[in-house]
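Chains, contacts and geometry: an overview
Here is how the chains run, residue by residue.
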Amino acid sequence: MASLVFSPSTLSSSKPDQLSSLSQKHFFLHSFLPKKTNSQPNSKSSLKVKCAAIGNGLFTQTTPEVRRIVPEKKDNLPTVKVVYVVLEAQYQSSLSSAVQALNQNSNFASFEIVGYLVEELRDENTYKTFCKDLEDANIFIGSLIFVEELALKVKAAVEKERDRLDAVLVFPSMPEVMRLNKLGSFSMSQLGQSKSPFFQLFKRKKQGAGFADSMLKLVRTLPKVLKYLPSDKAQDARLYILSLQFWLGGSPDNLQNFLKMISGSYVPALKGSKIDYSDPVLFLDSGIWHPLAPCMYDDVKEYLNWYGTRRDVNEKLRGPNAPVIGLVLQRSHIVTGDESHYVAVIMELEASGAKVIPIFAGGLDFSGPVERFFIDPVAKKPMVNSVVSLTGFALVGGPARQDHPRAVEALMKLDVPYIVALPLVFQTTEEWLNSTLGLHPIQVALQVALPELDGGMEPIVFAGRDPRTGKTCFDLGKSHALHKRVEQLCTRAIKWAELKRKSKTEKKLAITVFSFPPDKGNVGTAAYLNVFASIYSVLKDLQKDGYNVEGLPETAEALIEDVIHDKEAQFNSPNLNVAYKMSVREYQTLAPYASALEENWGKPPGNLNSDGENLLVYGKQYGNIFIGVQPTFGYEGDPMRLLFSKSASPHHGFAAYYSYVEKIFKADTVLHFGTHGSLEFMPGKQVGMSDACYPDSLIGNIPNVYYYAANNPSEATIAKRRSYANTISYLTPPAENAGLYKGLKQLSELISSYQSLKDSGRGQQIVNSIISTARQCNLDKDVELPDEGEEISAKERDLVVGKVYSKIMEIESRLLPCGLHVIGEPPSAMEAVATLVNIAALDRPEDGISSLPAILAETVGRNIEDVYRGSDKGILKDVELLRQITEASRGAISAFVEKTTNKKGQVVDVADKLSSILGFGINEPWIQYLSNTKFYRADREKLRVLFEFLGECLKLVVADNEIGSLKQALEGKYVEPGPGGDPIRNPKVLPTGKNIHALDPQAIPTTAAMQSAKIVVDRLIERQKIDNGGNYPETVALVLWGTDNIKTYGESLAQVLWMIGVRPVADTFGRVNRVEPVSLEELGRPRIDVVVNCSGVFRDLFINQMNLLDRAVKMVAELDEPVEQNYVRKHALEQAKALGIEVREAATRVFSNASGSYSSNVNLAVENSSWNDEKQLQDMYLSRKSFAFDCDAPGAGMTEKRKVFEMALSTADATFQNLDSSEISLTDVSHYFDSDPTNLVQNLRKDGKKPSAYIADTTTANAQVRTLAETVRLDTRTKLLNPKWYEGMMSSGYEGVREIEKRLTNTVGWSATSGQVDNWVYEEANSTFIQDENMLNRLMSTNPNSFRKLVQTFLEANGRGYWETSEENIERLRQLYSEVEDKIEGIDR
């Protein structure tokens, strides 16, 4: 059969989608499928998108000139010049009006003033102007300066002038800046060292909110005390405290008196004149404020009494049935009069029929006021139905130090949904609208990431800033409401509040499942989850609870049948169950943004999810529950679209689905079921959506609850930020050891007989059998084996056996998740054993816990690290010792778990059991077990500490709160937040059922991560030198993943830093925003150049860290060092010369996708077989991944720099990725090969040499660096070919077959991107799944669609030249393909 020829020319774009994705797909399957193919697909011409940096390339182009007031000279009055620096602009209008008033009325001095926002000081010219302004200033004022790099700039500038300045006043900021304070004899230069209570405040490590509160108390009482102390020192201190009171008072009057007091007391020219000033007007520190109320209230009953007497609102709003929304406001906005954005939210809520209780606090701790004003003191019940914080800050601690446990405790008491919306701080409205990044990275860190740790959700930008508003100077830079955003925020807050008030019988829930890749038996795909069994278990529970789930079938299988009829989920055939047909006119009315989609998809209805006339919504309704199938991206089958550097908009069918859910079915909540769909990955800003961002338009006003795998906090965070999801974590399936099977098992038996008989005459004979069996098992690729029959010495025999043994043990002890998780079915205690063994294998020095292997190794006088090293080298006695340690660990932990479970295998109260166990030393089950092994003398105290910790972990592993938390969310209650990640590294991830959050992005990499990173980098370089004739790699191309860096607290980020030879420097608050070079002497090797490909998710979550990396690489490129010791500089100089650009620009090494796009699309092409040749895949990678981040113009976002990208990649000697947890390995997901540039680098290199490809594996305590080929082999042996794994999958039925097919498809992906898959892998898979008749029939009958894809993948692997096999095998596969095709068609008829 002749191969089809692909013509790359772009066809007309009048109808972009005349063909279904299925026919497009067949078109690319070349000649190896016995199937007719349709005509050629159409595709739009490639979209060219320019991303220009505005002005100085920074985030804000505002200038301090709008805050400069220069007085007219009059009557020889002295001029007092004031310079101020603040975080946010709310003080701007207050200070400006204070100075205007002083200049009009004062007869003692004229005031000149100029103000800077901290963020503006990034701009070199602005900074120069700032330094110049300080040269002739009298007074400097600073407040809330918490960004380290900018704090250091302020410190440097003010320090130079400090002695000359008449007064320096710094209000709460970083200690470095606070030390600049000086008022007469009062100074804070000893800050943090002195014994006085004032200084002790700053010293406390965990100051958090308590700090701000004690400071406020001090501010209240000190002036009274200090008044009576005679010394000047005390008077100066008193004036500092009064200044703080004036400043916190913030009104123009207070600030006028503040300037009078300071200039009268400290400006020499005014020394003699008597300047009168009034005491500060003090506002409540915390209370309730309403723009129409006569005063601020400090009692909620009084406020509600006033509310009840309001004439301006209708009866309904005053009555008891209106929803009540609590608002949390920042006091400084109210006192400085910059509160129009707050007023807009209050008015919008009241206009929408909700009662409002707006509270504020002056400190940074809102937990007290929240409890005081939102909870009824008598009934102890919440008085509000949902809470919206408009401050953008964490509930406790604002921008300084946070106290999340205290915040969570207050919010748990309140128990209502908690939304944290944000005003723009560092950008003007226009700058935010034009930015592809959306919010400024520092605002994301402070006001999105930190509130998430409190359980905050829905980071909607509700207020903007004008660079200047109006003619008068009084209105400068005030906040203004963004009306459409305010409307959405208020509607969503009321929808969440309604969930608390509606009865269960009337609540409507839209459960959304995913189908990826489209077509086939793929409806209900989600990572590690048996989706339909889980939905069934959730619906049964809701039904019992009083929800209306009318007509729910008897079994989960019947539920699958209902939703997808005969499991044949082809989108271009109408046999998915159609729940609703939407006419084009109705669609255009319901989805106002429909016309925006036409650029990518033509006029509706288009071809996806449509019957040619109407748009089709697929799914099935049971009572008030709708189960719907989310459409897919729609372009996965079209290679021309996959080449676009930016992702296409959602298609009409996608928009119709969400319009139906919100406006026709009228869901109260949508529940996205499992990890993950496409909604949150649609184009738009990275964080801080505008009306024009697709995730925002699609989700509309429906509260979004999302079941997400606990080990994937990074993508869960994208769902929270871009689709406003309340994410609820579910457990990954319990892990088991891979074990041994077939030839591997035989090998292990041969090795144990060798150990007992090696010194008898049979040693050589057994070794020969070991060598031939190892060859049959294809271990000769991993271990150098001598020829069979070759005579070798006893020492060499031990080494050969040791190496084979070490390899087998590695396979045997590998952890695999077995089967798929069902929500609401926690693992039994015995299923948790393997997880506990792995938890016990890690040292946890911060908790004083030693690992079990370390304790056991000590018993026999060894250090566990040495045993690991020896075993890796194949030293027989070390391999054997490690096996004994592993076995003893499993035995001791199983004994312990058995003791804490009942007959049914459930964990009974661990605490009681433990106290009885720990009470009697001799009866501890682990001691009993170890007493029969060589480790009977193990340290009892260390064991006891460890097993107490394991007892806690066991309770968490088996806890069951996944359905409980869902019900809380559906009832409008607060879902407790918790970290996502790897439960083995961080057991705090458990129990599941928590609202997943990531971490403070500025907290990584940690010191521990840096330590681990050094070990891995040293091993990688060592390994590369062995494979590369003793030469150092000059460049390593590597990948940074979001989830990995959350789980490991930045290990892979730290690896990059260590390769180029720099170390991170943390500030006073432990945040990492700076790096410094490590000297070449200390490094002891050349600096290695890097090309960093950041996943789209990493880019969204860690833009600060991308900035840090880019600064680090550029700093290293500019070091004055010999090029043979600094490869970064060497290549940057060469590339700068070749491209005719500056060295700094040539040293661009940090790349990712364009903002709002994710992945290189290589995975989509491979999964949908929609690619021609490897060159096409490489083009996708280059066009989508060549967007660079530039630390010199961070505001420009991601800018395309393909030339630099290609040149940097062409120097790579090695490619590198990390595996960090046992649940996900190379062939489990398509992300890993999607980011692999191995073959691409070979094509770009001048010498055409293939780079070495390495994978670091830190899934166990014994970190390894393996080649990619070794890792693929290990993965295949432990998963795809392992009966324990595939039988575990088959036990999940329909979904299990799909999981098996997915592993094979991902293996083909590795062949395509790296060519590192051995032929035997495909050969063995074929004999396991195709040649075994029984297996073949099971696969075919359980899920014929996925089986068809499996057969197709085998044929494709052969057709593309990745698998050489006999003609019979191929014939058999072709025949099977036709059979299963007929069977499916037959079912259709």
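Let me begin by describing the structure that accompanies this report. (Residues numbered from 1 in each chain as written. Predicted model: local features only at pLDDT ≥ 70, side-chain atom pairs only at ≥ 80, totals over all residues. Heavy atoms only, no water.)

On to the pattern of salt bridges, then. The final tally for this structure, using the stated rule, is 79 salt bridges. Notably, a salt bridge pairs Arg1063 with Glu1082, separated by 2.4 Å at the nearest N-O pair. Placement of the pair is Arg1063 in strand β27 (residues 1062-1066) and Glu1082 in helix α41 (residues 1080-1083), with a sequence separation of 19 residues. (Salt bridge = Lys/Arg side-chain N within 4 Å of Asp/Glu carboxyl O. Helix = DSSP H or I, 4+ residues; strand = E, 2+ residues; numbered from the N terminus.)

Okay, the nonpolar core next. One finds Leu327, Phe374, Leu390, Ile535, Phe673, Tyr707 and Phe1347 to be the most contacted residues of the largest nonpolar core, which totals 288 residues. Discounting residues that sit within four places of it in the chain, Phe374 has contacts with Gly326, Leu327, Val328, Ile357, Ile359, Pro369, Lys381, Pro382, Met383, Val384, Val387 and Leu414. Membership of the second largest hydrophobic core comes to 78 residues, among which are Val82, Ala98, Leu121 and Phe146. (Core = buried A, V, L, I, M, F, W, Y, C linked by side-chain atoms within 4.5 Å. Buried < 20%, exposed > 50% of the residue type's maximum accessible area, 1.4 Å probe, protein only. Contact = heavy atoms within 4.5 Å.)

Let's shift gears to the packing of aromatic side chains. Any two aromatic rings considered together are summarised by their centre-to-centre distance and by the angle between their planes. What the rule picks out here adds up to 37 aromatic pairs. The interplanar angle of 90 degrees and the centroid separation of 5.9 Å between the aromatic rings of Trp306 and Tyr307 together place this pair among those described as edge-to-face. Relative accessible area serves as the criterion here: at 14%, Trp306 is assigned to the buried category. Ring centres 6.5 Å apart and planes at 25 degrees place the aromatic pair Tyr660 and Phe665 in the stacked group. Note on Tyr660: relative accessible area 4%, which makes it buried. Residue classification places Phe665 among the buried residues on the basis of a relative accessible area of 2%. A connected cluster of aromatic rings, assembled from ring pairs, spans Tyr91, Phe171, Phe186, Tyr240, Phe246, Trp247 and Phe258. (Phe/Tyr/Trp six-rings, centres within 6.5 Å; stacked < 30°, edge-to-face > 60°.)

The complete set of buried residues in helix α10 (residues 300-308) reads Val300, Tyr303, Trp306 and Tyr307. Each buried residue of α10 sits inside an arc of 120 degrees when the element is viewed along its axis, so together they form one side. Close packing links the buried residues of α10 with β7 (286-288), α11 (315-318), α13 (340-351), β9 (355-361) and α14 (367-374). For α10, the capping residue at the N-terminal end is Asp299, with a side-chain oxygen 2.8 Å from the backbone nitrogen of Lys301. (Arc of directions from axis to C-beta. Polar contact = N/O pair within 3.5 Å; in protein donor to acceptor, adjacent residues only side chain to side chain.)

Glancing now at the sheet that holds strand β10 (residues 386-389). Adjacent strands of a sheet form backbone hydrogen bonds with each other and so pair up, either parallel or antiparallel. Overall, mixed pairing links the five strands, which are arranged β7-β9-β8-β10-β11 in an open sheet. Since the sheet does not close on itself, it has two edges, and those belong to β7 and β11 (418-420), each with one partner. Put simply, the sheet's adjacent strands are angled 20 degrees from each other on average, direction ignored. Relative to β11, β10 runs parallel, the two sharing three bridges. Residue pairing across strands places Ser389 opposite Val420, the latter belonging to β11. Relative to the sheet, α10 contacts β7 and β9, its axis offset from that of β9 by approximately 140 degrees. Across the sheet, α14 is in contact with β7, β8 (324-330), β9 and β10; its angle to β9 comes to roughly 145 degrees. (Pairing = 2+ DSSP bridges. Axes fitted to C-alpha atoms, helices over the stretch in contact; angles between N-to-C directions.)

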